[in-house]
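Spelled out, the chains give:
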Amino acid sequence: MHAEPKKKTNMNMGLELKKCLASGCRSLKKVKQCHCRLLRLGLNDDTFLINTLLRSSLNLRATQYATVVFAQTPHPNIFLYNTLIRGLVSNDAFHDAVSLYASMRQRSTVVPDNFTFPFVLKACARLKNTHLGLTLHSLVIKTGFENDVFVNTGLVCFYSKNGFLSHARGVFDEIPEKNVVSWTAIICGYIEFGYCEEAVGLFRGLLEMGVRPDSFTLVRVLYACSRTGDLASGRWIDEYMRENGLCGNVFVATSLVDMYTKCGSMEEARIVFDGMVERDVVCWSALIQGYASNGMPKKALEVFFEMQRENVRPDCYAMVGFLSACARLGALELGNWARGLVDGDEFLCNPVLGTALIDFYAKCGSVARAVEIFKSMRRKDRVVFNAVISGLAMCGHVGAAFGVFSQMGKVGMQPDGNTFVGLLCGCTHAGLVDDGRRYFSHMSCVFDVTPTIEHYGCMVDLLARAGLLAEARDLIKSMPMKANAIVWGALLGGCRLHKDTQLAEQVLMQLIELEPWNSGHYVLLSNIYSASRRWDQAEKIRSSLSEKGMQKLPGCSWVEVDGVVHEFRVGDTSHPLTHKIYEKLESLFKDLREAGYTPTTEFVLFDVEEEEKEYFLGCHSEKLAVAFALISTSVKDVIRVVKNLRVCGDCHEAIKLVSKVTEREIIIRDNNRFHHFRYRLHGIVGGSGKKRLGFLNRFVKNEL
C-alpha cells in the first residue's frame, strides 16, 4: 500500500540527483554528497549517473576518488572505462590509465572502441611504452578501426613521440579523410625532431586539401618558422591569417610576434603587437625579449616601461628580457631597480631568473654580486653554472672560472658545449694557450662533448691573439665543418693585433665572399690599405661602399647616470650637455698631456693631417661617455661605459690615464672584453682585466 509513494519518492530524488550532477559539482565535497545519495537510493548500477559522477571527480583532479567510485560499480561498461581512462590521462596519471586498460582487457565482455584507443595510445606515448603501443596498433587492425581518423591520429602521435617518424608518416598517409587534428599531429611530429621546413611544407599541404587550421596548428607552424629563421614563410602565414580572419586569437598573435622577433624583423613584430586588441604578459615578454636579443636594448626598456604603465605585472621572461637589455647597456641601477619588482626568493629558486641576474651583474662588471647570487641560489642547474663560469671568465677572473668548473665535476654535473665556450673564452682573455688546448682536447676525449663551430672559433681566437697565426690557420683548414664569418673574424683579429697585413687581406677576401652585405669587412680592408699607406686602394674600397649604398656601423657608447641611459656616437653634439662635455674633454686632454699622453694617430686610418687625426680620436663615443659621467656623478661612483664596437688602442690608453688623473674607477665593456681601470695610490690597477679577487679564490676553494 505504501510501496507506490516510496517508489515515486526515489524516482524524484533520482531525477534531482541527475540534475545536480549534470549542472556540475564545483567541489569534491559536493561530489561526495551526491555519491552518498546515489548509494542510499540504490542507484550505484546506473551507468549514466556513475559516468557523470566520474567526470565531476576527474574535472576536480580527484583521480583517486574517481578510481574508488569506479571500483564500487558492479558491472562497468566500455563507456565508464573510457571516461576513467580519458580522465586519468588528462590528469597525467599515465601508469594508472595503462593499468586500467589492462584490467579491462581481462574482462571478455568489454571490448575497446575508437574512444579507448586514442587515450591509451597517448599514455603509451608519454610513458615511452613502445611494446604496448605496437600491441594496440595490431588490435586496432583486428577490431576494424584502421580507418578511424581519431584512432589513427592517436597512432601518429604515439609513433612521433617515440621517435618512429617514418611509421607516423606511414599511418598518416593511410588516413582516408584527414582532419585538422591529424594534420596537426604529423606537423608537430616533424617539428619535434627538427624537421621544421618539412613541417611548413605539410602546412601548405593542409591548406591545399581545403582544411582550415585551428589556433594550435598556427602556433606550431609559426614556431617552426621561428626555429629556422624562415621569415618568408612566416610572412606568408601572416598574410593567410589576415585574409582568413585568424589573427584575433591572442595566442596566435603572440606566436606571430615571437616569430618575427626570432627572425630579426622587429618592425613587423611591433606592427602585429600594436594591432592586437588583447595583450597578455606573454605577448609583452615576447616583444621585450625580441628587442633585447636583436641589439635594441633601449627599445626593450621602453616597452618594459610601457608595460608597467599598462599595469601588467612582469613575468619571468619579461624580467629576463629587461635584465638582458640592462646588461647590454651596462645599466646597473636600472637592473637593481627591476630586481626589486620581483620577490627575491624567485631569483634564488628559479634557475632562469637566477641565470639572467648572474649574467646581468657580470656584464655590468659587478662580478662580486654575480658570485653572491650564485652562492645563494637554491637550485643550481648546468645553465646556472655556465652563467657564472662565463661571467667570471668575461671579467678576467679566469682562475675562479676554472675553480667553478672543477666544482661542477665534484657535484656530479656533466659540462656541455656552453661550459667549454666559457672556459675557452676565459683562456683567450688571459692568453692561456696551453690551458685552452687542454680544455679543447678534453671536450671530446674526456667529457664526450663534440666541438662545434663556436669552440673552433674560440680556439682560433686564442691562437691568433697569442700570435700563433699559422697554427690558427691550420686549425681552420682541419675543421670538420666549413668556417663561418665568426671563425675567420677571429683570425682577422689576430692579424690586426700582430700587424700581419698579408694574411689579413686573404682573410678579408674570405669574409667578403661569405658576407658580401657586411660593410664592416670592406671598411677593415680599407683600413689595412690605409695602415700600409696604400691610399688609392683604400679610397677605391670606400668608393665602392658608397656606390653600393652600404654604410659602416657607427660606433656607439652608453653610460647610465641616475637610472637613465645616455647614448653617444662619434663626434656627437646632440646631448643637452654637449658644451660642458667638450669643455671637460678639453680640460682632460690638457691634464693627460701633462701626464705624458700622446694621441696614437695610427688608429685614424685616413689620409689627413696629424692635427685632424687627433681631433677624430678626441671625439670617439667612449671618450664622450666618460666625460659626461665625470661631470654628472660623484667621485665615489664607478663609471660604467658600454660600447657596441671594439675600443680602439688610443681610447684604451687615454681612459687609463683619465682614471689616474681623476682618481676614478672606470669600467669599459666593448664587444670583445672588459677594460677595468682602478686608480690607487700606487697607480693604475687593471686595464687587461686579469686581476683576480681574493674573495673569489676563497669562494671557489671553501664556499661552493
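Procedures and definitions
Residues numbered from 1 in each chain as written. Predicted model: local features only at pLDDT ≥ 70, side-chain atom pairs only at ≥ 80, totals over all residues. Heavy atoms only, no water. UniProt positions renumbered as here; feature names shortened; annotations may be inferred. Helix = DSSP H or I, 4+ residues; strand = E, 2+ residues; numbered from the N terminus. Core = buried A, V, L, I, M, F, W, Y, C linked by side-chain atoms within 4.5 Å. Buried < 20%, exposed > 50% of the residue type's maximum accessible area, 1.4 Å probe, protein only. Contact = heavy atoms within 4.5 Å. Polar contact = N/O pair within 3.5 Å; in protein donor to acceptor, adjacent residues only side chain to side chain. Salt bridge = Lys/Arg side-chain N within 4 Å of Asp/Glu carboxyl O. Axes fitted to C-alpha atoms, helices over the stretch in contact; angles between N-to-C directions. Parallel < 35°, antiparallel > 145°, perpendicular 65-115°, else oblique. Nonpolar A, V, L, I, M, F, W, Y, C, P; charged D, E, K, R; others polar. Phe/Tyr/Trp six-rings, centres within 6.5 Å; stacked < 30°, edge-to-face > 60°. Lys NZ or Arg CZ within 6 Å of the ring centre and 35° of its normal.

Let's talk about the UniProt feature "transmembrane region" (unreviewed entry) in the protein
Right, on to step 1. The feature "transmembrane region" (unreviewed entry), as given by UniProt, occupies residues 383-405 in the numbering adopted here.
Right, on to step 2. Split by type, residues 383-405 is 87% helix and 0% strand. Its first and last C-alpha atoms lie 12 Å apart.

Notes on the nonpolar core
Right, on to step 1. Core analysis: the biggest nonpolar cluster contains 199 residues, and Met-241, Val-257, Ile-358, Phe-360 and Leu-491 have the highest contact counts within it.
Right, on to step 2. The element contributing the most residues to this core is helix 19 (residues 316-329), with 10 residues.
Right, on to step 3. Counting 28 residues, the second-largest nonpolar core is a separate cluster that includes Ile-581, Phe-589, Ala-629 and Ile-668.

Describing the environment of Cys-196
Right, on to step 1. In this fold, Cys-196 is placed in helix 12 (residues 196-208).
Right, on to step 2. A relative accessible area of 2% means that Cys-196 is categorised as buried.
Right, on to step 3. In this structure the C-alpha to C-alpha distance between Cys-196 and Ala-224, which are 28 residues apart in sequence, comes to 4.9 Å.
Right, on to step 4. Apart from residues lying up to four places away in sequence, Cys-196 is in contact with Tyr-190, Ala-224, Arg-227 and Thr-228.

A closer look at the UniProt feature "repeat: PPR" (unreviewed entry) in the protein
Right, on to step 1. Feature annotation in UniProt places "repeat: PPR" (unreviewed entry) on residues 77-111, 179-213, 249-279, 280-314 and 381-415, given in this structure's numbering.
Right, on to step 2. Split by type, residues 249-279 is 71% helix and 0% strand. Its first and last C-alpha atoms lie 10 Å apart.
Right, on to step 3. Between the C-alpha atoms that bound residues 280-314 the distance is 10 Å, and the span itself is 74% helix and 0% strand.

Concerning the side chain of Thr-116
Right, on to step 1. On the secondary structure map, Thr-116 appears in helix 7 (residues 116-127).
Right, on to step 2. Here Asp-113 takes part through its side chain, which lies 2.9 Å from a polar atom of the side chain of Thr-116.
Right, on to step 3. Among residues more than four places away in sequence, those in contact with Thr-116 are Ile-78, Asn-82, Ile-85, Tyr-101 and Met-104.

Some details on the pattern of salt bridges
Right, on to step 1. Evaluated as defined, the whole model comprises 18 salt bridges.
Right, on to step 2. As a salt-bridge pair, Glu-268 and Arg-235 come within 2.9 Å of each other at their nearest N and O atoms. Separated by 33 residues along the polypeptide, Glu-268 in helix 16 (residues 266-274) and Arg-235 in helix 14 (residues 231-243) bring together distant segments of the chain.
Right, on to step 3. In this structure, Arg-569 engages Glu-567 in a salt bridge whose closest nitrogen and oxygen atoms are separated by 3.7 Å.
Right, on to step 4. Of the residues examined, Glu-567 reaches a relative accessible area of 28% and is grouped as partly exposed.
Right, on to step 5. One continuous salt-bridge network, built from bridges that share partners, spans Arg-270, Asp-274 and Glu-306.

Let's talk about the environment of Leu-624
Right, on to step 1. Topologically, Leu-624 is positioned in helix 36 (residues 621-632).
Right, on to step 2. With a relative accessible area of 1%, Leu-624 lands in the buried category.
Right, on to step 3. Separated by 51 residues in the primary sequence, Leu-624 and Thr-573 have C-alpha atoms spaced 9.8 Å apart.
Right, on to step 4. Dropping the residues within four chain positions of it, Leu-624 is found in contact with Phe-568, Arg-569, Gly-571, Asp-572, Ile-581, Tyr-582, Leu-585 and Cys-619.

So, the packing of helix 26 (residues 417-430) against helix 28 (residues 453-465)
Right, on to step 1. For the pair helix 26 and helix 28, interaxial distance at closest approach is 9 Å and the crossing angle is 10°. Taken together, helix 26 and helix 28 sit at an angle that is classed as roughly parallel. The segment helix 26 lies against helix 28, with Gly-417, Phe-420, Val-421, Leu-424, Cys-425, Cys-427 and Thr-428 engaging Glu-454, His-455, Cys-458, Met-459, Asp-461, Leu-462 and Arg-465.
Right, on to step 2. Split by residue class, the contact of helix 26 with helix 28 holds 8 nonpolar, 3 polar and 3 charged.

Overview of the packing of aromatic side chains
Right, on to step 1. Under the definition given, this model contains 24 aromatic pairs.
Right, on to step 2. Judged by centre distance (4.2 Å) and plane angle (35°), the ring pair of Phe-304 and Phe-322 falls under tilted. Here Phe-304 is found in helix 18 (residues 297-309), whereas its partner Phe-322 is found in helix 19, with 18 residues between them in sequence. Take Phe-304 and Phe-322: they sit in the same class, and that class is buried.
Right, on to step 3. Every member of this aromatic cluster is reached through a ring pair, and the members are Phe-402, Phe-405, Phe-420, Tyr-439 and Phe-447.
Right, on to step 4. Positioned over the ring face of Trp-236 is Arg-204, at 3.9 Å from the centre of the ring.

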